[in-house]
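For reference, the chains in residue letters:
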Amino acid sequence: MLAVAEPCLGPEEKEALVAVIDSGWITMGEKVAQFEQAFASLHGAEDSVAVGSCTAALHLILLGLELGPGDEVLVPAMTFVATANSVLYVGAKPVFVDIESSDVPLMSLQDAEAKCTPRTKAIILVHYAGYLPDRAKWQAFAAKRGLLIVEDAAHAAGLTEAGTFGVAAAFSFYGNKNMTTAEGGAIIANEPALRDRIRRARGHGLTSGTFQRHGKAMLGYDVTMLGYNYRIDELRAALGLVQMKNLLAWNEHRRELTTHYRKLLAQRAQDVVVPFSAPRTSACHIMPIVLPRQCDRVAVISALKTAGVQTTIHYPPTHLFSFYQEVFPDVRLPETEDFAARELTLPLHPRMQEPHVDLVTRALADALSRGR
Ligand SMILES: *Cc1c(COP(=O)(O)O)cnc(C)c1O
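Rules and cut-offs
Going along each chain's sequence as written, the residues are numbered from 1 onward. Note on the predicted model: pLDDT of at least 70 is required for a residue's local features to be given, and 80 or more for side-chain atom pairs to be given and counted; whole-chain, interface and lining totals, by contrast, use all residues. The basis for every side-chain value is the complete set of non-hydrogen atoms in the structure, without hydrogens or water. Segments assigned H or I by DSSP are reported as helices when at least four residues long, segments assigned E as strands when at least two residues long, and all are numbered from the N terminus. Residues count as neighbours in contact if any of their non-hydrogen atoms are within 4.5 Å of one another. Here the axes come from fitting lines to C-alpha atoms, over the contacting stretch only for helices, and the angles between their N-to-C directions go from 0 to 180 degrees. Oblique is the label for any angle not covered by the other classes, which are roughly parallel (under 35 degrees), roughly antiparallel (over 145) and roughly perpendicular (65 to 115). Each crossing gets its hand from how the near helix is turned against the far one by less than a right angle, where anticlockwise is left-handed and clockwise is right-handed. Neighbouring residues are identified by heavy atoms, a residue being near a molecule or strand if any of them is within 4 Å of it. Here a polar contact means two N or O atoms within 3.5 Å. Within protein one must be a hydrogen donor candidate and the other an acceptor candidate, and residues neighboring in sequence count only if both atoms are side-chain atoms. Exposure was quantified through the Shrake-Rupley algorithm and a 1.4 Å probe, taking into account, for residues, occlusion by the shown protein chains and nothing else. Lining residues are those with an atom within 4 Å of a point, where the points come from a 1 Å grid over the protein atoms alone and group into cavities, where a 1.4 Å probe fits but cannot get out, or pockets, open sets with protein on both sides within 12 Å along at least five of seven lines. Those molecules having more than half of their atoms within 2 Å of a cavity or pocket grid point set are described as sitting in that cavity or pocket. Gly is put with the polar residues, along with every residue not named as nonpolar or charged; the nonpolar set is Ala, Val, Leu, Ile, Met, Phe, Trp, Tyr, Cys and Pro, and the charged set is Asp, Glu, Lys and Arg. Grid points are joined across faces, edges and corners, and a volume is the space filled by probe spheres set on the points. Using a 1.4 Å probe on the protein chains alone, a residue whose accessible area is under 20% of its type maximum counts as buried, one over 50% counts as exposed, and one in between counts as partly exposed. Take the number of residues in a helix, subtract one, and multiply by 1.5 Å to get its expected span. Two rings from Phe, Tyr or Trp (for Trp, the six-membered ring) form a pair when their centres sit within 6.5 Å of each other. Planes less than 30 degrees apart are called stacked, planes more than 60 degrees apart edge-to-face, and all others tilted. A ring is scored as having a charge over it whenever the NZ atom of a lysine or the CZ atom of an arginine sits within 6 Å of its centre and within 35 degrees of its normal.

### A look at the side chain of Thr311
Tracing the backbone through its elements, the reader meets Thr311 in the loop between helix H10 (297-306) and helix H11 (322-327). Excluding anything up to four places from it in sequence, Thr311 contacts Val4, Ile301, Leu304, Leu344, Thr345 and Leu346.

### Focus: the packing of helix H3 (residues 54-64) against helix H4 (residues 82-89)
Each pair of packed helices can be described by the angle between their axes along with the distance between the axes. Where H3 meets H4, the axes come as close as 9 Å, and the angle between the chain directions of the two elements is 40°. Compared by their axis directions, H3 and H4 come out oblique. Every pair of crossing elements has a handedness; the one defined by H3 and H4 is right-handed. From H3, Thr55, Leu58, His59 and Leu62 reach across to H4, where they touch Ala82, Thr83, Ser86, Val87 and Tyr89.

### Observations concerning the site of the ligand
Close to the ligand lie 16 residues, the nearest being Thr55, Asp152, His155, Ser172 and Lys177. A distance of 2.9 Å separates an oxygen atom of the ligand from a polar atom in the backbone of Cys54. Note that an oxygen atom of the ligand is positioned 2.5 Å from one of the side-chain N or O atoms of Thr55. Its free accessible area being 380 Å², the ligand has 93% of it covered by the protein chains. Judged by its atoms lying within 2 Å of the grid points, the ligand is housed in the second largest pocket. Sorting the residues of the shell around the ligand by element identifies H3 and H4 as the ones contributing at least two each. Across the shell around the ligand, the residue classes tally to 7 nonpolar, 7 polar and 2 charged.

### What about the layout of surface pockets?
Taken as a whole, the largest pocket encloses approximately 640 Å³ of empty space. Lining the largest pocket are 28 residues, with Met28, Arg202, Ser208, Gly209 and Gln212 sitting closest to its centre. Among the elements of the structure, helix H2 (30-42), helix H7 (192-202) and helix H8 (210-216) are those that each provide at least two residues to the lining of the largest pocket. Ranked by residue count, the leading element in the lining of the largest pocket is H2, at 5 residues. The class makeup of the residues in the lining of the largest pocket is 6 nonpolar, 11 polar and 11 charged. Taken as a whole, the second largest pocket encloses approximately 530 Å³ of empty space. Taken together, 30 residues form the lining of the second largest pocket, with Phe80, Tyr174, Asn176, Lys177 and Tyr315 sitting closest to its centre. Those elements that provide at least two residues to the lining of the second largest pocket are H3 and H4. Looking at the lining of the second largest pocket, the element that brings in the most residues is H3, giving 3 residues.

### Quick notes on the environment of Gly52
Tracing the chain through its elements places Gly52 in the loop between strand S1 (49-51) and H3. Classification of Gly52 by relative accessible area gives buried; the value is 16%. A C-alpha to C-alpha distance of 4.7 Å links Gly52 and Ile232, two positions 180 residues apart in sequence. When near neighbours in sequence (up to four residues on either side) are disregarded, Gly52 contacts Glu183, Gly184, Gly185, Tyr230, Arg231, Ile232 and Arg236.

### Focus on helix H1 (residues 11-23)
Over its 13 residues, H1 extends 18 Å from the first C-alpha to the last, a length consistent with the 18 Å expected when each residue adds 1.5 Å. At the C-terminal side of H1, Gly24 shows a positive phi close to 85°.

### Some points on the packing of aromatic side chains
When we look at a pair of aromatic rings, we describe it by the centre distance and by the angle of the planes. This structure, assessed with the given rule, holds 13 aromatic pairs. A centroid spacing of 5.6 Å and a plane angle of 85° characterise the contact between Trp138 and Phe141, whose relative ring orientation is edge-to-face. Of this pair, Trp138 and Phe141 both sit in helix H6 (residues 135-145), separated by 3 residues, roughly a single helical turn. Phe141 shares its class with Trp138; the two are buried. Taking 5.1 Å as the distance between ring centres and 80° as the angle between the ring planes, the aromatic pair formed by Phe323 and Tyr324 counts as edge-to-face. The exposure class assigned to Phe323 is partly exposed, which follows from its relative accessible area of 45%. On the basis of relative accessible area, Tyr324 is assigned to the buried category, the value being 1%. Three or more aromatic residues joined by ring pairs make a cluster, and in this case those are Phe35, Phe39, Phe171 and Phe173. A cation sits over an aromatic face here: Arg135 above Phe165, 5.9 Å from the ring centre.

Take a look at the structure:
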């Protein structure tokens, strides 16, 4: 079965894990510090904060920005549920914004304008599938309204532009992302005071960590805020350091596979929409396509499965989940709902080669012609 996503793990990762175990120090220490520095410099940033997940990263950013009850945050619904959840964690209200179109399934600037109220404080931009929104346009919009821009850059690790849109960006190292530490995440926040608040909140609000106290024989610490345990550990930081060495090459390979997909889909599946038809900076995290309106998606998924090709859906929109329906029953996002009903994600990961793309597009063309 050709998987939609697959982590690339090898002997170097194994060795790195063994070395941490042999070192005797497994919780947050030097490896985490090294990883934070390396991840930051890969993105042209001064520093980064490594955490247990991207979800924790988003939560810490919104806490650090002191968003809370009474505040509204513009979010897309065409994303993983963690984006909107992080807004609820701090007691603020997520306000769902529609996507531009099936071709550009990123948050619509026009709908964002329409959804602004005097309570709107921030926007979370999601780099869906790894494709970056138009930075200049969003910055102009945010400046005009006095809004903070936060990036959910879970799909965009390795792009130097990620982390430069606004006040902070959250990255994910979950197993299916462009690089992985199994579970993990990082924050790029360029303002030192914000970064310090985030770093302190990551570890219970303590003024020093176990590693610093161990090194300096310090006895005490103070707690200056309500913090969390959102730490990462040395094992995962060591994995991240190895993964990062390959990240840019893997992203390039993803781009080449995506280009090949676009070429073969144009030949073999003309009635399929391949989003992002115009060139746009991308980490090519996933390969979304949009099936024709009359097409039976369940039948296509099962035909592809029979042909040995796994597919998924990115995403069932957040506002349609039972929990969100209960809390926000009246949200209507026509473009998002239409896209979500027809979207299909094809396999894309660095272990694939062009013949795999050939196989997938042939299987898809067969499935579509049978459904016609
Ligand atoms: C994966 C993902 C997250 C959550 O990442 P975790 O590291 O699993 O917490 C958040 N947002 C988006 C868009 C994602 O794809």
